[in-house]
Amino acid sequence: MQIVDIKAFQKSHFNHLGKRLDDDGVIGPETRWAIDFMTLSVERRLFIAEAQKFIGLVEFPPGSNDDPKGIIDGWLKACHAKEGDPWCASALSAWLSVVRPVRIAGAVRLGENFTPVTAPWAGDIFWYPTNAKGNGHVGLIIGVGSAEVMTI
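Computed from a predicted structure; not experimentally measured.

Caption draft 1: Summary view of the overall build of the chain. What the chain contains, in helices and strands, is 6 helices and 3 strands. Looking at the chain residue by residue over its 152 residues, the buried ones come to 36%. Long-range contacts, defined here as pairs at least 24 residues apart, represent 32% of the contacts in the chain between residues at least 6 apart. For the chain, the computed accessible surface area is about 9200 Å², with 57% contributed by carbon and sulfur atoms. Separation of charge centres in the chain, based on 15 positive and 17 negative side chains, amounts to 4 Å.

Here is the structure:
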């Protein structure tokens, strides 16, 4: 791309946080991420874009698994989970539902519904158990580097 083309691209695209790019004509890390993002399937882009809407959402009070607007509680209810349950899988289910209906509470249960991969891509989910009781954590991969992954 030429400098003019880069600036035009930057004016109409977003970074990994869902914020508009600076239109400086430089292909820095955020612009590189946005260019790579545009190579993903429409479904993966929609899934990531839905998740980006909730970057910055925090539990309040801390540790409550809830928020003042009731967003987390809504995700939990949609997955038939109890109020105050861990919400990572319910959030992922809600975000993923923009491309296919999923309503699974429980990180391990959700993760086991997807085929494992050895080379992750943006738009894949990751999950891992956190104890022997079947609990775990799940998240969304939004970027892959040579030695790291970026997640929501």
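Caption draft 2: Summary view of the pattern of salt bridges. All chains considered together, the criterion is met by 5 salt bridges. Lysine 11 serves as the salt-bridge partner of aspartate 23, at 4.0 Å between the closest nitrogen and oxygen. With aspartate 23 in the loop between helix H1 (3–11) and helix H2 (29–37) and lysine 11 in helix H1, this residue pair connects regions lying 12 residues apart in the sequence. Aspartate 23 sits in the partly exposed class, given a relative accessible area of 38%. Residues aspartate 73 and lysine 77 are paired through a salt bridge, measuring 3.1 Å at the closest nitrogen-oxygen approach. Residue aspartate 73 and its partner lysine 77 are located together in helix H4 (residues 71–78), separated by 4 residues, close to a single helical turn. Relative accessible area serves as the criterion here: at 13%, aspartate 73 is assigned to the buried category. Since its relative accessible area comes to 55%, lysine 77 is described here as exposed.

Caption draft 3: Main features of the sheet that holds strand E2 (residues 136–144). Reading across from one edge, E1-E2-E3 is the order of the 3 strands in this open sheet, with antiparallel pairing throughout. Looking along the sheet, the strands with just one partner apiece sit at the ends: strand E1 (125–129) and strand E3 (149–151). The sheet shows a mean angle of 45° between the axes of neighbouring strands, taken without regard to direction. This element, helix H3 (residues 42–52), spans E1 and E2 of the sheet and lies at about 115° to E2.

Caption draft 4: Quick look at the environment of valine 99. If you trace the backbone, valine 99 turns up in the loop between helix H5 (88–96) and helix H6 (107–111). With near-sequence residues (within four places) excluded, valine 99 lies in contact with Glu43, Leu46 and Phe47.

Caption draft 5: Examining the pairing of E1 more closely. Inspection of the sheet shows E1 paired to E2 by 5 bridges, in the antiparallel sense. By the bridge assignment, tryptophan 127 is partnered in E2 with valine 138. Linking E1 back to E2 in an antiparallel pair, the connection comprises 6 residues, with glycine 134 at a positive phi of about 95°.

Caption draft 6: Structural detail: H5. Of all 9 residues that make up H5, 9 are buried, and the element is covered over most of its length. Those residues of H5 that fall on the buried side of the exposure criterion are Cys88, Ala89, Ser90, Ala91, Leu92, Ser93, Ala94, Trp95 and Leu96.

Caption draft 7: Representation of the pairing of E2 within the structure. Relative to E3, E2 is paired through 3 bridges, and the arrangement is antiparallel. If you follow isoleucine 141 over to E3, its bridge partner there is threonine 151. Turn length for the E2-E3 hairpin, with the two strands adjacent in sequence and antiparallel, is 4 residues.

Caption draft 8: Inspection of the packing of aromatic side chains at higher detail. Tallied over the full model, the rule gives 6 aromatic pairs. Ring geometry for tryptophan 33 and phenylalanine 37: centres 4.9 Å apart, planes at 20°, overall stacked. In this pair, tryptophan 33 and phenylalanine 37 both sit in helix H2, 4 residues apart, roughly one turn of the helix. Among the residues examined, tryptophan 33 registers a relative accessible area of 9% and is labelled buried. Within the aromatic cluster, the residues linked to one another by ring pairs are Phe54, Trp75, Trp87 and Trp95.

Cut-offs and rules
- Residues numbered from 1 in each chain as written.
- Predicted model: local features only at pLDDT ≥ 70, side-chain atom pairs only at ≥ 80, totals over all residues.
- Heavy atoms only, no water.
- Helix = DSSP H or I, 4+ residues; strand = E, 2+ residues; numbered from the N terminus.
- Buried < 20%, exposed > 50% of the residue type's maximum accessible area, 1.4 Å probe, protein only.
- Contact = heavy atoms within 4.5 Å.
- Areas by Shrake-Rupley, 256 points an atom, 1.4 Å probe, with all protein chains shown as cover.
- Lys, Arg positive; Asp, Glu negative; His and termini not counted.
- Charge placed at Lys NZ, Arg CZ, Asp CG, Glu CD.
- Salt bridge = Lys/Arg side-chain N within 4 Å of Asp/Glu carboxyl O.
- Pairing = 2+ DSSP bridges.
- Axes fitted to C-alpha atoms, helices over the stretch in contact; angles between N-to-C directions.
- Phe/Tyr/Trp six-rings, centres within 6.5 Å; stacked < 30°, edge-to-face > 60°.

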